[in-house]
Amino acid sequence: MVVHRAAWLLPIAAPPIRGGWVTVEQGRVVALGGESDAPPDGNAGAAPFAGGAAVIMPSLVNAHTHLELSYMRGLVPPAASFDAWVRTLISLRAKYPDPLAADIIQSVRDAVAEARAAGTGLIGDTSNTLVTARMLRDLRMPAHVFHEVLGFRVTDGIEAVSAARRRLEGLGELEPDVRVSVTPHAPYSVSPALFMAVANETGNTLTSIHLGESPEEVHFLQHGGGPIQAALESVGAWNPLWTPPRCGPVEYIDKFGLLGDRLLAVHGVQLSYRELAQLCGAGATLVTCPRSNRWVGAGSPPVEQFYASGVRVAIGTDSLASVGDLNLFAELAEIRALGPSIPARAILDSATRIGAEAL
Ligand SMILES: [Zn+2]
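Predicted model, so just to flag it, every value in this text is computed and none were measured. (Residues numbered from 1 in each chain as written. Predicted model: local features only at pLDDT ≥ 70, side-chain atom pairs only at ≥ 80, totals over all residues. Heavy atoms only, no water.)

### Overview of the environment of Gly121
And then number 1: Positionally, Gly121 belongs in strand 8 (residues 120-127).
And then number 2: Residue classification places Gly121 among the partly exposed positions, given a relative accessible area of 23%.
And then number 3: Sequence spacing of Gly121 and Val76 is 45 residues, and the spatial spacing of their C-alpha atoms is 27 Å.
And then number 4: Every residue in contact with Gly121, bar those within four places of it in the chain, is listed here: Ser59, Leu60, Met141 and Pro142. (Helix = DSSP H or I, 4+ residues; strand = E, 2+ residues; numbered from the N terminus. Buried < 20%, exposed > 50% of the residue type's maximum accessible area, 1.4 Å probe, protein only. Contact = heavy atoms within 4.5 Å.)

Right, here's the structure in full:
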């Protein structure tokens, strides 16, 4: 048993404790307390005091990233519009067709090590190639891997989802550290048939959908056309039979039965207060990634509105294609700057307990 001490202990689920300590046995916290109560067994095996400015707190939860894109660090520059950023990403991705290439694998390893060194202990990882699932297991990094499906022209959604499930089954045993589920990417990249199939086929599993990220997405759902249709056309993915649903992103996925307490709605930069309240009412979790939002030209998220609406807020970094590092503390600083009225304890709750509960 080892006793760790710091100036403060932040249990998150309970108020801060001055002069806090925890005792750790075989990697697990087995007891905790403060200056008014002594740790069991005196100071046997005590680790050095962590210092006057240090706190002991739970691991942070990065509720949204794409580790498989880690090789893109520094290669996709910040963009003035989401459309411009996506185009650079797509053309770059086409140059790296082998998801098992040595530099891609090494970049995932480095990214996981970097996240762990910055205090992250649980990751919500979105993956198309599934290269990360076994790696996260082998690296002992607890994670939920969302196997993302997309295809705006897909008509046989059931077959697409069945194929995705077979790929997941082919991964072998991943638990206890890693869990998996099938998830749709976003309203502008997933056909109605595919959304329907995910909702029907996956039943009550966890989904993580990019929702309300850019103004272009909102315009596309309301009116069709615009840069998103042009982008789909340019990659041969446009479906001329598609008609805009003339509603917002939250209402749109609700039509398929995907709005509920098993949903992580990622970004939400463009959502109205009414839509945030809808997410809240459904028990969904909103995952905010403010540094990424700015990088991709989607604008800064209205974080004060997020918290005022009562929706459960978790925090992610998104991928190294749209952020400089996977240090979640930098994300917390960004939220602090964007929303000075949000209590620090609410931000820490988002970065720990709420992210963990969502995943
Ligand atoms: Zn993302």
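### Focus on the coordination of the zinc ion
And then number 1: Each protein donor to the zinc ion is listed here as His64 (NE2), His66 (NE2), His210 (NE2) and Asp318 (OD); together their distances run 2.1 to 2.8 Å.
And then number 2: One can describe the donor arrangement at the zinc ion as irregular, given that its four donor atoms subtend angles of 82 to 170° at the metal.
And then number 3: Along the chain, the residues that donate to the zinc ion are spaced as H-x1-H-x143-H-x107-D. Placement of His64 in strand 7 (residues 60-65) and of Asp318 in the loop between strand 14 (312-315) and helix 12 (328-338) is noted, with a sequence separation of 254 residues between them. Asp318 matches His64 in its accessibility class, with the two residues each being buried. (Donors = N, O, S within 2.8 Å, 3.2 Å for Na, K, Ca; no water. Tetrahedral: all angles 85-135°; square planar, octahedral: opposite > 155°, others 65-115°.)

### Observations regarding helix 12
And then number 1: Those residues of helix 12 that fall on the buried side of the exposure criterion are Leu328, Glu331, Leu332, Glu334 and Ile335. One side of helix 12 carries all its buried residues, which in axial view fall inside an arc of 160°. (Arc of directions from axis to C-beta.)

### What about the packing of helix 6 (residues 215-223) against helix 7 (residues 226-234)?
And then number 1: Where helix 6 contacts helix 7, the axes come no closer than 7 Å and their chain directions differ by 90°. Taken together, the axes of helix 6 and helix 7 are roughly perpendicular relative to one another. Contact residues: Glu216, Glu217, His219 and Phe220 in helix 6; Gly226, Pro227, Ile228, Gln229 and Leu232 in helix 7.
And then number 2: Broken down by class, the residue content of the contact of helix 6 with helix 7 amounts to four nonpolar, three polar and two charged. (Axes fitted to C-alpha atoms, helices over the stretch in contact; angles between N-to-C directions. Parallel < 35°, antiparallel > 145°, perpendicular 65-115°, else oblique. Nonpolar A, V, L, I, M, F, W, Y, C, P; charged D, E, K, R; others polar.)

### Quick word on the pairing of strand 4 (residues 21-25)
And then number 1: Pairing of strand 1 (residues 2-5) with strand 4, which is carried by four bridges, proceeds in the antiparallel orientation. Within strand 4, the position partnered with Val2 by the bridge is Val24.
And then number 2: With five bridges connecting them, strand 4 and strand 5 (residues 28-33) associate as antiparallel partners. By the bridge assignment for strand 5, Val22 is matched with Leu32.
And then number 3: Hairpin remark: strand 4 followed by strand 5, antiparallel, with two residues in the connecting loop; positive phi at Gln26, about 50°. (Pairing = 2+ DSSP bridges.)

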